[in-house]
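# Summary of the model geometry
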Amino acid sequence: MELFFAESAGQLSSPRLAAVNLTGGIDAQIHNQGLLKTSAESAQLSFGPNNELAQATLKGAVRFENANAASAQSDTAVFHFDDRHQLARADLAGDVNLVSDGERLHTQKAFITFAADEAGQIQPVRFETATAASLEAAGASTEQPPAQFEAHRIRYDMITGSGRAVGPVRFVFYQQADPNSGLLTEVWPVEITAEGDADFV
């Protein structure tokens with residue numbers, strides 16, 4: 001662990017913590033109006049003028065999850081905190097996987113915005129990918145393969161359930177086959193493609 005202090009304004013002022021570098025693996029819980037568990041191989045913490053955490057940069061096998069078991073994994077993550085010292089945004093890069101409610105999003109670069117819910121708990125409220133992304137949702141039954149959605153970029157509002165996929169877009173889902181149809185399969189794929197954008201509400 002390395003500690004860095006800012007230069008004092010005068011002889012009577014107390015030392016101000018500027019940064020902390022942690023190596024050798026970290027496992028932390030952030031109690032910031034809601035629990036956020038995180039782990040990584042190393043971390044660089046930057047502090048504001050009143051010794052408040054302003055930014056945390058995590059590198060190497062980064063993983064974090066909130067109290068609702070939504071989780072994210074990436075090679076690097078930068079957590080930004082607002083003026084009220086609340087977690088405001090996470091910038092994820094390198095083999096990014098977001099998992100929530102049976103859905104898995106994969107991309108190389110994504111941004112997650114956080115805000116307080118009605119109970120005051122900090123929760124992810126929006127995500128946006130900056131690179132091509134694929135989203136996989138669990139099928140309606142164990143025999144049904146997961147639906148797959150691919151786009152150039154995806155913006156999604158977790159509160160309203162609406163978003164936009166920047167094209168080209170490809171969506172594949174599976175329908176139950178009619179048992180009297182004579183088909184050799186129980187489900188058959190339906191594929192929808194578009195060159196332009198797709199809005200979902």
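To be clear, the structure that these remarks concern was listed above.
Small disclaimer: the values here were computed from a predicted structure and weren't measured.

### Quick look at unusual backbone geometry
In this structure, the amide linkage connecting G167 to the following residue, P168, adopts the cis form with an omega of 10°. In this structure, P168 sits in strand β13 (residues 162-176). The phi dihedral of H85 is positive, around 70°, even though this residue is not glycine. Secondary-structure assignment places H85 in the loop between β7 (71-81) and β8 (87-100). Given a relative accessible area of 41%, H85 falls into the partly exposed group. At D95, a position not held by glycine, the phi torsion is positive, near 50°. Along the polypeptide, D95 turns up in strand β8.

### Description of the pairing of strand β10 (residues 122-129)
Buried residues dominate β10, accounting for six of its eight residues. The antiparallel hairpin formed by strand β9 (residues 103-116) and β10 contains five residues in its connecting segment, where G120 sits at a positive phi of about 85°.

### A short note on the pattern of salt bridges
Applying the stated rule across the entire model yields seven salt bridges. A salt bridge links D91 to R89, with the shortest nitrogen-to-oxygen separation between them at 2.7 Å. Residue class for D91 comes out buried when judged on its relative accessible area of 18%. Among the ionic pairs, R170 bridges to E191, the shortest N-O distance being 3.3 Å. Here R170 is found in strand β13, whereas its partner E191 is found in strand β14 (residues 187-194), with 21 residues between them in sequence. Judged by relative accessible area, R170 falls into the partly exposed class, the value being 27%. Each of E150, R170 and E191 takes part in a single network of salt bridges with overlapping partners.

### Topic: the packing of aromatic side chains
Applying the stated criterion across every chain, the model contains four aromatic pairs. Taking the centre distance of 5.0 Å and the plane angle of 75° together, the rings of F64 and F79 count as edge-to-face. Here F64, found in strand β6 (residues 53-66), pairs with F79, found in strand β7; they are 15 residues apart in sequence, far enough to count as distant. One exposure class covers both F64 and F79, and it is buried. Where F127 meets Y156, the ring centres are 5.6 Å apart and the plane angle is 40°; that geometry is what we call tilted. Of this pair, F127 sits in strand β10 while Y156 sits in strand β12 (residues 147-157), and the two are 29 residues apart along the sequence. Among the residues examined, F127 registers a relative accessible area of 10% and is labelled buried. For Y156, a relative accessible area of 25% corresponds to the partly exposed category. Taken together, the aromatic side chains of F149, F171 and F173 make up a single cluster linked through ring pairs.

### A look at the environment of N50
Positionally, N50 belongs in the loop between β5 (42-47) and β6. Given a relative accessible area of 65%, N50 falls into the exposed group. For the pair N50 and A18, spaced 32 residues apart in sequence, the C-alpha to C-alpha distance is 9.7 Å.

### As for the nonpolar core
Judged by nonpolar contacts, the single largest core of 33 residues is most densely connected at L58, F64, F79, L92, L98 and I112. Among the elements that line this core, the one with the most residues is β8, at five residues. Residues in contact with L58, not counting those within four places in the same chain, are I26, T38, S39, A40, S42, A43, D75, T76, A77 and F79.

Basis of the calculations
Residues numbered from 1 in each chain as written. Predicted model: local features only at pLDDT ≥ 70, side-chain atom pairs only at ≥ 80, totals over all residues. Heavy atoms only, no water. Helix = DSSP H or I, 4+ residues; strand = E, 2+ residues; numbered from the N terminus. Buried < 20%, exposed > 50% of the residue type's maximum accessible area, 1.4 Å probe, protein only. Pairing = 2+ DSSP bridges. Salt bridge = Lys/Arg side-chain N within 4 Å of Asp/Glu carboxyl O. Phe/Tyr/Trp six-rings, centres within 6.5 Å; stacked < 30°, edge-to-face > 60°. Core = buried A, V, L, I, M, F, W, Y, C linked by side-chain atoms within 4.5 Å. Contact = heavy atoms within 4.5 Å.

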